[in-house]
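Topology and contacts: notes
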Amino acid sequence: MSDREISENSPSQRDAILGTLLGVAVGDALGLPYENLSRLRGERLFGEPDRYRLIPGIGLISDDTEHNCIVAQSLIAQGTDVDRFLPDFARRLKRWGILLPAGTGRATIIACARLMVGVSPQRSGIFSAGNGPAMRAPILGAAIRDLDQLREFVRVSTRVTHTDPKAEFGAWAIALATNLSWQDQELSPQRFFQRLTETIADEPAEELIDLVAKVIASVEAGESTTDFLDSRDLGKGVSGYVYHTVPAALHVWLSFPNDYRNAVQTMIRCGGDADTTAAIVGGIVGARTGTAGIPPEWIAGLRDWPRTTRWMKELGGALADSVETGATDIPPQLPWWKELPRNLAFLTLVVGYGFRRLLPPY
Ligand SMILES: [Mg+2]
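Since the model is a prediction, treat every value here as computed from it, not as a measurement. (Residues numbered from 1 in each chain as written. Predicted model: local features only at pLDDT ≥ 70, side-chain atom pairs only at ≥ 80, totals over all residues. Heavy atoms only, no water.)

1. Some remarks on the UniProt feature "binding site: Mg(2+)" (unreviewed entry) in the protein
Heads up, the rule is: UniProt positions are given in the numbering used here, feature names are shortened, and annotations may be inferred rather than shown by experiment. Only protein chains enter the accessibility calculation, which uses a 1.4 Å probe. A residue is then buried if its area is under 20% of the maximum for its type, exposed if over 50%, and partly exposed in between. Any two residues having at least one pair of non-hydrogen atoms within 4.5 Å are treated as being in contact. Under the scheme used here, helices are H or I runs from DSSP no shorter than 4 residues and strands are E runs no shorter than 2 residues, and both carry numbers assigned from the N terminus. Residues adjacent in sequence count toward polar contacts only when both atoms are side-chain atoms; beyond that, a polar contact is any pair of N or O atoms within 3.5 Å, and within protein one must be able to donate a hydrogen and the other to accept it.
Those residues carrying the UniProt feature "binding site: Mg(2+)" (unreviewed entry) are S62, D63, D64, D273, D275 and T276 in this numbering. For the annotated residues, spread through 215 residues, the largest C-alpha to C-alpha distance comes to 12.3 Å, consistent with a single compact locus. Judged by its relative accessible area of 3%, S62 is buried. The contacts of S62, once residues within four sequence positions are left out, are D28, L32, D275 and F346. Among the secondary structure elements, T276 is positioned in helix 15 (residues 274-289). Apart from the residues within four sequence positions on either side, T276 is in contact with D64, N131 and M135. At a separation of 2.5 Å, a polar atom in the side chain of T276 contacts the side chain of D64.

2. Here we look at the packing of helix 13 (residues 242-255) against helix 15
Here is the rule we go by: Only the stretch in contact is used when fitting a helix axis, every axis being a line fitted to C-alpha atoms; angles between N-to-C directions are given from 0 to 180 degrees. Oblique is the label for any angle not under 35 degrees, not over 145, and not in the 65 to 115 range, which are roughly parallel, roughly antiparallel and roughly perpendicular in turn. Handedness of a crossing follows from how the near helix is turned relative to the far one, being left-handed for an anticlockwise turn of less than a right angle and right-handed for a clockwise one. When residue character is reported, Ala, Val, Leu, Ile, Met, Phe, Trp, Tyr, Cys and Pro are called nonpolar, Asp, Glu, Lys and Arg charged, and the others, Gly included, polar.
Following both chains from N to C, one finds helix 13 and helix 15 inclined at 40°, their axes separated by 9 Å at the closest point. When the axes of helix 13 and helix 15 are compared, the pair comes out oblique. Taken as a pair, helix 13 and helix 15 cross one another with a handedness that is right-handed. Counting all contacts with helix 13, which are made through T245, A249, V252 and W253, the residues of helix 15 involved are T277, I280, V281, I284 and V285. Of the residues contributing to the contact of helix 13 with helix 15, the split by class is 7 nonpolar, 2 polar and no charged.

3. Overview of the pattern of salt bridges
Here is the rule we go by: The rule for a salt bridge is simple: a side-chain nitrogen of Lys or Arg has to be within 4 Å of a carboxyl oxygen of Asp or Glu.
Overall, the coordinates contain 23 salt bridges when judged by the stated rule. Note that R91 is salt-bridged to D88, the shortest N-O span being 3.6 Å. Of this pair, R91 and D88 both sit in helix 4 (residues 82-98), 3 residues apart, which is roughly one turn of that helix. Of the residues examined, R91 reaches a relative accessible area of 46% and is grouped as partly exposed.

4. Looking at the environment of R356
Mapping R356 onto the fold places it in helix 18 (residues 336-356). Along the chain, R356 and L45 lie 311 residues apart, while their C-alpha atoms are 9.9 Å from each other. Dropping the residues within four chain positions of it, R356 is found in contact with L45 and P361.

5. Considering the packing of helix 14 (residues 260-269) against helix 15
Helix packing geometry: the angle between the two helix axes and the distance between the axes. As a packed pair, helix 14 and helix 15 sit with axes 9 Å apart at the nearest point and diverge in direction by 160°. Classified by the angle their axes make, helix 14 and helix 15 are roughly antiparallel. Crossing angle aside, the handedness with which helix 14 passes helix 15 is right-handed. Residues Y260, A263, V264, M267 and I268 of helix 14 lie in contact with helix 15, whose contacting residues are A274, T277, A278, V281, G282, V285 and G286. Residues belonging to the contact of helix 14 with helix 15 are distributed by class as follows: 9 nonpolar, 3 polar and no charged.

6. Description of helix 2 (residues 39-46)
Where we set the bar: Directions drawn from the helix axis to the C-beta atoms are what define this arc.
For helix 2, every residue scored as buried is listed here: R41, G42, L45 and F46. Taken around the axis of helix 2, the buried residues stretch over an arc of 100°, which confines them to a single face. The inward-facing, buried residues of helix 2 contact helix 18. Phi for G47, located one or two positions after helix 2, is positive at around 75°.

7. Some thoughts on the coordination of the magnesium ion
Octahedral metals with six donors have ideal donor angles of 90 or 180 degrees. Tetrahedral metals with four donors have an ideal donor angle of 109.5 degrees. Cut-off, in case you're wondering: The donor set comprises N, O and S atoms within 2.8 Å of the metal, extended to 3.2 Å for Na, K and Ca; water molecules are omitted, so apparent gaps in a site may simply reflect that omission.
Note on the magnesium ion: its protein donors are S62 (OG), D63 (OD), D64 (OD) and D275 (OD). The metal-donor distances range over 2.0 to 2.3 Å. We note that the donor set of the magnesium ion lies within a single chain, spaced as S-D-D-x210-D. Each of the two residues, S62 as well as D64, counts as buried.

8. Regarding the confidence of the model for the protein
Basically, it comes down to this: Predictor confidence is given residue by residue as pLDDT, running from a minimum of 0 to a maximum of 100.
Chain-level pLDDT for the protein is 94 on average; 97% of the residues reach the 70-or-more range. For residues 1-8, every residue scores under 50 in pLDDT, and the model assigns this stretch 27 contacts once sequence neighbours within four places are set aside.

9. Observations concerning a nonpolar patch on the surface
Rules: Excluding any residue in a salt bridge, patches collect residues exceeding 30% relative accessible area, merging like charges within 9 Å and nonpolar Val, Leu, Ile, Met, Phe, Trp and Tyr side chains within 5 Å. A 1.4 Å probe and the Shrake-Rupley method give the accessible areas. Residues count as covered only by the protein chains that appear here.
Nonpolar side chains collect at one region of the surface, where L100, L344, L347, V351, F355, L358, L359 and Y362 lie side by side and expose about 790 Å² of accessible area between them. With respect to the secondary-structure elements, L100 resides in the loop between helix 4 and helix 5 (106-116). L100 sits in the partly exposed class, given a relative accessible area of 41%.

10. Considerations on the nonpolar core
So the rule is basically this: Working definition of a nonpolar core: buried Ala, Val, Leu, Ile, Met, Phe, Trp, Tyr and Cys residues. They are joined through side-chain atoms within 4.5 Å.
Core analysis: the biggest nonpolar cluster contains 105 residues, and V26, L75, W172, I174, F192, L250 and W253 have the highest contact counts within it. Each residue touching L250, except ones within four places of it in the same chain, is listed here: A173, I174, A177, F192, V212 and V215.

11. Description of the packing of aromatic side chains
Quick note on the threshold: Note on aromatic contacts: the rings of Phe and Tyr and the six-membered ring of Trp form a pair at centre separations within 6.5 Å, being stacked when their planes are under 30 degrees apart, edge-to-face when over 60 apart, and tilted otherwise. Geometrically, a lysine NZ or arginine CZ counts as sitting over a ring once it is within 6 Å of the ring centre and also within 35 degrees of the ring normal.
Tallying each qualifying case throughout the model produces 7 aromatic pairs. When the ring of F85 is compared with that of F153, the centres are 5.0 Å apart and the planes differ by 65°; the resulting orientation is edge-to-face. Separated by 68 residues along the polypeptide, F85 in helix 4 and F153 in helix 8 (residues 147-159) bring together distant segments of the chain. We note that F85, like F153, is buried. Centre to centre, the rings of F192 and W253 are 5.1 Å apart; their planes meet at 90°, and the pair counts as edge-to-face. Of this pair, F192 sits in helix 10 (residues 189-199) while W253 sits in helix 13; the two residues are 61 residues apart in sequence, bridging distant segments of the chain. A single burial state applies to F192 and to W253, both of which are buried. Of note, R261 hangs over the ring of W298, and the distance from its end group to the ring centre comes to 5.1 Å.

Here it is in structure tokens:
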């Protein structure tokens, strides 16, 4: 069976949710040292993205994983009522911003600051086409089965921080990809394209549709993602602009829809915003493979705290319970007095690591 035909058995939704959460976390942790390095520099400095390298052997996660966890908490707490999801998500986002997260996107942190000073979640977003909303879209695609409902959640989750419609269309493409990744046994690149165009036909998303059409043609022609990016002047690295991030992630996904290891490694080798791109690809492919498809040594190597693998599994399990029963619940939480010192230690590590990157090899 060819990888491109995407025709293995669909996983259960529980597998999809857990595979997405851990798939995001592992991709994030593997990609983190390569963030904002060019393809060549990343390779020279760290070699192959086959193990955790920020601290050797220890997988640490960043905002990409944290946002998917926050979305999961809000879904458990508020269910599928999008009007109740919005204030709950905004409140958790504000709390996340107060606890000094490192290396976050500009629009997201400005929107958090606006929430902190009392701006409503309907008005907190700023005009930006960054990839923040796309990075937290995988868990929505794993948890929400119905596409109309999913569309509403992507809209709301996006606008809290980003109001440029491009940010929303890009997030939609990622949520839809994750949804089809676990729900559609017969999925093919053409089928994904058809669903994407059907679902945003009435909106000014021509540029995204044109970009995705190029992705599909390239994947079907057997072109590698790096060659595709070279042809689009993204050879140095994939930026955090959503119309750079999303086509690159979709290209990798459609090239390796059932192969978590190759998908994530290929994505990181493309350079640029590697933790976010690998987290997105990891979330989409993980939805299809479940945790069984993620290399066990990578799952075992995740050693963050207090957002441990065990805690994320508990969170995913609670979300799956809530989705199955339709009942809301108090989600697993983390106390601020654990998150704050962890974030301060992580910030110190990231700053130290920033200095290390000033040194050779270049
Ligand atoms: Mg990150």
